[in-house]
Amino acid sequence: MVTTLNRETESGAVVAAPVVEPTAVAPASAPVDISTVPETPAELLKQWKAPAPRRPLIHTIVSATLVRIWDAIAGPGMTEQDRIRRDIAEHDGYIRGSRV
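As the structure is a computational prediction, the values presented were derived from the model and not from experiment.

Conventions and cut-offs
Residues numbered from 1 in each chain as written. Predicted model: local features only at pLDDT ≥ 70, side-chain atom pairs only at ≥ 80, totals over all residues. Heavy atoms only, no water. Helix = DSSP H or I, 4+ residues; strand = E, 2+ residues; numbered from the N terminus. Buried < 20%, exposed > 50% of the residue type's maximum accessible area, 1.4 Å probe, protein only. Areas by Shrake-Rupley, 256 points an atom, 1.4 Å probe, with all protein chains shown as cover. pLDDT = per-residue confidence, 0-100. Patch = residues over 30% accessible without salt bridge, like charges linked within 9 Å, V, L, I, M, F, W, Y side chains within 5 Å. Salt bridge = Lys/Arg side-chain N within 4 Å of Asp/Glu carboxyl O.

Colleague: Explain the overall build of the protein here, please?
Modeller: Of the regular secondary structure elements, the protein holds three helices and two strands. Put simply, the protein runs from its N terminus to its C terminus through helices and strands in the order β-β-α-α-α. For the protein, with 100 residues in total, the buried portion stands at 0%. Surface accessibility of the protein: about 10100 Å² in total, with carbon and sulfur atoms responsible for 62%.

Colleague: Mind showing me how you'd approach the confidence of the model for the protein here?
Modeller: Reading predicted coordinates in detail is not appropriate for stretches of low pLDDT. Confidence in the prediction of the protein, expressed as mean pLDDT, is 75, and 67% of residues score 70 or more. In the model of the protein, strand 1 (residues 2-4) stands out as the element of lowest mean pLDDT, 57, in contrast to helix 2 (residues 58-74), which has the highest, 90.

Colleague: Any chance you could explain a nonpolar patch on the surface here in plain terms?
Modeller: On the surface, I58, I61, V62, L66, I69 and I73 cluster together to form a nonpolar patch covering roughly 600 Å² of accessible area. Along the chain, the position of I61 falls in helix 2. On the accessibility criterion, I61 (41% relative accessible area) is partly exposed.

This is the structure in structure tokens:
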């Protein structure tokens, strides 16, 4: 590898620097202790601590309540064709129910 060094005593001279190649040496691994590893998933789930339940914010509660009320009042979201099919099905059911 060739580099240029800028020092006060040297001008822009080209100096050859030795290239240091990294060696592929695997680090020594420590022995692994598996005595604490749970044997079943149920034991593992028991070890995990569930996070403390968080209370929802007040505006979330209010908006969710308003959405549920609106859905109850307005009914399911339907196109005009869906409404006509529903009316036909309800009418057909009333007729069949009265004949029986």
